[in-house]
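Residue-level structure breakdown
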Amino acid sequence: MLLFAFFTWLTLATLFVILPRHYYQHLPMQSEDQRDRPETGSMSAYFRWLLNCVPGCFQNKPWKRGLKVFRDLCVTPYSPQEKWIHIGLSLSFLYLALSGFFFAAILIRSLTGLLLVLHMILGGIFGLGLALTVLLRAKEYPVAENWPDPHEHRWETICFWIFAVSGFVLVLTALLMMLPLWDLIGHLNTVMVHRLAALSALLSAIAFVYFKWYRMREAK
Ligand code: HEM
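Read on for a plain summary of the structure. (Residues numbered from 1 in each chain as written. Predicted model: local features only at pLDDT ≥ 70, side-chain atom pairs only at ≥ 80, totals over all residues. Heavy atoms only, no water.)

1. So, the coordination of the iron atom of the ligand
- Here the iron atom of the ligand is held by His 119 (NE2) and His 194 (NE2), and the distances to it run 2.1 Å.
- Around the iron atom of the ligand, the six donor atoms sit at angles spanning 89 to 179°, and that spread fits a shape best called octahedral. Remark: His 194 occurs in helix 7 (residues 184-219) and His 119 occurs in helix 5 (residues 113-137); sequence separation between them is 75 residues. Accessibility assignment for this pair places His 119 and His 194 in one class, buried. (Donors = N, O, S within 2.8 Å, 3.2 Å for Na, K, Ca; no water. Tetrahedral: all angles 85-135°; square planar, octahedral: opposite > 155°, others 65-115°. Helix = DSSP H or I, 4+ residues; strand = E, 2+ residues; numbered from the N terminus. Buried < 20%, exposed > 50% of the residue type's maximum accessible area, 1.4 Å probe, protein only.)

Laid out in structure tokens, this is it:
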């Protein structure tokens, strides 16, 4: 479990360096230090910019800004039925990720007790929400011959399908955990596949929200 916790923090930290770099590289040329941008090879300027941004992320009611992004991305553009599907999927995923990773990556022990029972109940809502969302949104994320343009829409499409497949593996491993199919080793391996699918779902969800927000912002 310690290795999984270490891998979780490493991949999350990497994602929170890579995504802002995309944003920084596309910033309009404004001030002097913008000239010293990553594509000119100076990562120090980029990390200076990133460190300068961190305090701003926690100022001016960040949860209000987060809620506005959630509304703009998952609620406002959709019909009442679709809104509730997106809300159900997002909130159940939020609880599942928080409960699962609090145990797996912070306490570094197995999820147990009432939080596990809630995890399994909300898992059902997640499974249903995921299936309906994939059915409703798949047409916006075509793959293979006609890859979407621009670049960001392509990444949004890749993240959408990684999330969908990871979600499917999460539901499948959760069902397998409940069946007496194999011994303790088999069960522990299933739990590890569940954890890795959870990490893949979490990373792709964060990247998906970023690229969808970036594209929406560019479209304004
Ligand atoms: C599809 C519905 C889901 C069900 C029924 C479910 C069920 C479970 C169960 C029974 C465990 C405990 C395994 C054990 O330790 O023996 C577990 C662990 C875990 N789940 Fe889920 N889960 C679901 C979806 C998710 C999702 C969407 C995420 C997050 C993105 C997630 C993240 C985790 C994590 C990180 C653990 C490991 C906690 C630990 O180390 O014990 N799960 N899940």
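2. Things to note about the nonpolar core
- Counting 30 residues, the largest nonpolar core has Phe 93, Phe 101, Phe 126 and Phe 163 as the members making the most contacts within it.
- Contributing elements (two or more residues each) for this core: helix 1 (2-25), helix 4 (80-107), helix 5, helix 6 (151-178) and helix 7.
- Here this core gets twelve residues from one element, more than from any other, and that element is helix 7.
- In this structure, Ala 45, Tyr 46, Trp 49 and Leu 50 belong to the second largest nonpolar core, which totals six residues. (Core = buried A, V, L, I, M, F, W, Y, C linked by side-chain atoms within 4.5 Å.)

3. A few points about the site of the ligand
- Around the ligand sit 25 residues, and of these Leu 111, His 119, Gly 123, His 194 and Arg 195 come closest.
- Within the contact set of the ligand, a nitrogen atom lies 2.8 Å away from a side-chain nitrogen or oxygen of His 119.
- Between the ligand and Arg 195, the relevant distance is 2.8 Å, taken from an oxygen atom to a side-chain nitrogen or oxygen of the residue.
- Secondary-structure elements contributing two or more residues to the shell around the ligand are helix 4, helix 5, helix 6 and helix 7.
- Split into classes, the residues belonging to the shell around the ligand amount to 17 nonpolar, six polar and two charged. (Near = heavy atom within 4 Å. Polar contact = N/O pair within 3.5 Å; in protein donor to acceptor, adjacent residues only side chain to side chain. Nonpolar A, V, L, I, M, F, W, Y, C, P; charged D, E, K, R; others polar.)

4. Description of the packing of aromatic side chains
- Enumeration over the complete set of coordinates arrives at 19 aromatic pairs.
- By the ring-pair criterion, three or more aromatic residues cluster together here, those being Tyr 23, Tyr 24, Tyr 46, Phe 47, Trp 49, Trp 155, Tyr 210, Phe 211, Trp 213 and Tyr 214. (Phe/Tyr/Trp six-rings, centres within 6.5 Å; stacked < 30°, edge-to-face > 60°.)

5. So, the pattern of salt bridges
- Going through the model one piece at a time under the given rule, you end up with five salt bridges.
- A salt bridge links Glu 140 to Arg 137, with the shortest nitrogen-to-oxygen separation between them at 2.6 Å.
- Classification of Glu 140 by relative accessible area gives partly exposed; the value is 28%.
- By relative accessible area, Arg 137 is classed as buried at 7%.
- Through salt bridges with shared partners, one network takes in Glu 82, Arg 137 and Glu 140. (Salt bridge = Lys/Arg side-chain N within 4 Å of Asp/Glu carboxyl O.)

6. A word on the packing of helix 5 against helix 6
- Closest axis-to-axis distance for the helix 5/helix 6 pair is 10 Å, and the angle between their directions is 145°. The handedness of the crossing between helix 5 and helix 6 is left-handed. Here Met 120, Phe 126, Gly 127, Leu 130, Thr 133, Val 134 and Arg 137 of helix 5 lie close against helix 6, whose contacting residues are Phe 160, Trp 161, Phe 163, Ala 164, Gly 167, Phe 168, Val 171 and Met 178. (Axes fitted to C-alpha atoms, helices over the stretch in contact; angles between N-to-C directions. Left-handed = near helix turned anticlockwise from the far one by under 90°. Contact = heavy atoms within 4.5 Å.)

7. Regarding helix 1
- Counted at 1.5 Å a residue, the expected span for helix 1 with its 24 residues is 34 Å, and the 35 Å between its end C-alpha atoms agrees.
- Looking at helix 1, one finds that the buried residues are Phe 4, Ala 5, Thr 8, Thr 11, Leu 12, Leu 15, Leu 19, Pro 20, His 22 and Tyr 24.
- Contacts made by the buried residues of helix 1 are with helix 2 (43-57), helix 4, helix 6 and helix 7. (Expected span 1.5 Å × (residues − 1).)

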